[in-house]
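Listed here are the chains, written in short residue letters.
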Amino acid sequence: MRRAAAALAGVVVMAGCVGPGPGPVAQAPVGHPRELPPPRLVPAATPPRIEGAAIQGGLVRGAARPGATLMLDGRPVPVAADGGFILGFDRDAGPAALLVQRYRDPAGHVLATETMLTVAPRAWRIERVDAPYRAGKTDAEFAAARPAELAQIVAARALATDAAGWRQPLRWPATGRQSGWFGAQRVYQGKPGSYHGGADIAVPTGTPVLAPADGVVILAAARPFTLEGNLLMIDHGSGLNSAILHLSRIDVTVGDHVRQGQPVARSGATGRATGPHVHWGLQWMGAKLDPLLVAGTP
C-alpha cells in the first residue's frame, strides 16, 4: 500500500507540471485552461522594389513602403505618398550606392532595410589631345555677368513644385541628328577638361521645342546667358529637372504648368554655340543624367 501511494503521488506531481523549487502549484479549474497573451509578431522589413539597373548617367524607378523615408548614400530621396520614387546616378557615380529605407510597421516598430546597388560603369567618348590644356579666356563682361547667372540656375534648381512628370517616360524636346553626346570629354596631355553635361540635337533655328514631360517652369531667361544663351528650365518633380539651352526664343514664363509634348520654345544658336541645335540637360538631385539612357534615341 505504501508503495502504491508513493507511485500515485508521483503521477499527480507530473500531471501538475511542477516547476523548479519547493511549494504547491495552483491548478486551473477543470474546463478553464490558463489563457496566455498572444505573441507579438514583428513583420520582416521589406526592402524597396527597384525597376531597372543602376548605371552611370542612368535613372531607375522604385517603390518603397508608403510613409517610408529613403536615403541614398546619406542624402534624402524624395518619396511620393504612394511610395514611388526615382534614383539618378551621376556620370562619375559608382561603383556602388547604399539605399536605406526606414518606416514604421502597424505596431509602431521602426524597421530599416539596406540595399546595396551596384552602379555599372560606362565607356565615355574620350578624345586625347597631345597639347597642353589652356583655359578659355574670360573677358570682363563674362566675369561680371557669370556669378549672377549661376545664382539664378542654383536658385531655380532649389525650387520644389507639385510637378509629377517624373512618373512619365521622358521624351526628347526635339528630334533630329544627334550632334553631341553626354559625358564626352577631351583630355589634354593627361589633364581632363570639363565633360559635356547634356545631349545635342542639330535642328534649324526656329524648330519647335517641346516639354520632355509634365512640369513647372522654374527658369525662363529674360536675356541670353553668356554660355547657355536663352535658357529654359522645367521641374518635373521628385528632384528631376530639364535644362534646354541656346534657344532663339522662349514661349513660357516662370510658374507656368506645362504638359508633355507642349511647345515651349524655339531652337537657336544663342550663347556659346557653333550652330543651331537643342542642348538638353537632365539632372536628378544634382546628379547629371544622360538623356540617351533616360529617353532612348532621339
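Residues numbered from 1 in each chain as written. Predicted model: local features only at pLDDT ≥ 70, side-chain atom pairs only at ≥ 80, totals over all residues. Heavy atoms only, no water.

S.K.: Just to check I follow, could you spell out the sheet that holds strand β2 (residues 59-63) for this structure?
M.R.: Within a beta sheet, neighbouring strands are joined by backbone hydrogen bonds and run either parallel or antiparallel to one another. Pairing is antiparallel in the open sheet, where 3 strands are placed in the order β1-β2-β5. Two strands bound the open sheet, and with one partner strand each, they are β1 (49-51) and β5 (84-88). Each strand axis lies, on average, 30 degrees off the axis of its neighbour in the sheet, ignoring direction. The pairing of β1 with β2 spans 3 bridges and is antiparallel. Each residue of the ladder has a partner; that of Arg 49, found in β2, is Ala 63. (Pairing = 2+ DSSP bridges. Helix = DSSP H or I, 4+ residues; strand = E, 2+ residues; numbered from the N terminus. Axes fitted to C-alpha atoms, helices over the stretch in contact; angles between N-to-C directions.)

S.K.: Sorry, what's going on with the environment of Gln 185 here?
M.R.: Relative to the helices and strands, Gln 185 resides in strand β10 (residues 185-188). With residues near it in sequence (within four places) discarded, Gln 185 still touches Arg 91, Arg 125, Ile 126, Glu 127, Pro 192, Gly 193, Ser 194 and Tyr 195. A polar contact is formed between the side chain of Gln 185 and the backbone oxygen of Gly 193, at a distance of 2.6 Å. (Contact = heavy atoms within 4.5 Å. Polar contact = N/O pair within 3.5 Å; in protein donor to acceptor, adjacent residues only side chain to side chain.)

S.K.: What is the right way to look at the sheet that holds strand β13 (residues 208-210) in this model?
M.R.: Spatial ordering of the open sheet is given by β13-β19-β17, a layout of 3 strands whose pairing is antiparallel. At either end of the open sheet lies a strand with only one pairing partner, and these are β13 and β17 (249-250). Where β17 lies against strand β19 (residues 263-266), 2 bridges are found, and the strand directions are antiparallel. The residue bridging Ile 250 from the neighbouring strand is Ala 265, located in β19.

S.K.: What exactly am I supposed to notice about the pattern of salt bridges here?
M.R.: Side-chain pairs of opposite charge can arise where the charged atoms are in close proximity. Applying the stated criterion across every chain yields a total of 9 salt bridges. Across the salt bridge formed by Arg 186 and Glu 127, the nearest N and O atoms sit 3.0 Å from each other. Placement of the pair is Arg 186 in strand β10 and Glu 127 in strand β8 (residues 126-129), with a sequence separation of 59 residues. The exposure class of Arg 186 is partly exposed, given its relative accessible area of 41%. Judged by its relative accessible area of 41%, Glu 127 is partly exposed. (Salt bridge = Lys/Arg side-chain N within 4 Å of Asp/Glu carboxyl O. Buried < 20%, exposed > 50% of the residue type's maximum accessible area, 1.4 Å probe, protein only.)

S.K.: Even after reading the chapter, I still don't get the packing of aromatic side chains, so can you show me in this structure?
M.R.: Note on aromatic pairs: each is described by the distance of the centres and the angle between the planes. Taken as a whole, this structure holds 3 aromatic pairs when the rule is applied. Aromatic side chains Trp 124 and Phe 182 sit 5.7 Å apart centroid to centroid with 70 degrees between the ring planes, which places their arrangement in the edge-to-face category. Placement of the pair is Trp 124 in the loop between β7 (110-118) and β8 and Phe 182 in the loop between β9 (177-180) and β10, with a sequence separation of 58 residues. The exposure class of Trp 124 is buried, given its relative accessible area of 17%. Classification of Phe 182 by relative accessible area gives buried; the value is 5%. Here Phe 182 and Tyr 195 contribute two aromatic rings whose centre-to-centre distance is 6.1 Å and whose plane-to-plane angle is 75 degrees, an arrangement assigned as edge-to-face. One end of the pair, Phe 182, is in the loop between β9 and β10; the other, Tyr 195, is in the loop between β11 (191-192) and β12 (199-202), and 13 residues separate them in sequence. When sorted by exposure, Phe 182 lands in the same class as Tyr 195, which is buried. In textbook terms, an aromatic cluster arises when at least three aromatic residues are bridged by ring pairs, as seen for Trp 124, Phe 182 and Tyr 195. A cation over an aromatic ring shows up here: Arg 125 above the ring of Trp 181, its NZ or CZ 3.9 Å from the ring centre. Above the ring of Phe 142, the side-chain terminus of Arg 272 is found at 5.0 Å from the ring centroid. (Phe/Tyr/Trp six-rings, centres within 6.5 Å; stacked < 30°, edge-to-face > 60°. Lys NZ or Arg CZ within 6 Å of the ring centre and 35° of its normal.)

Remember, this is a structural readout, not a statement about activity or role.
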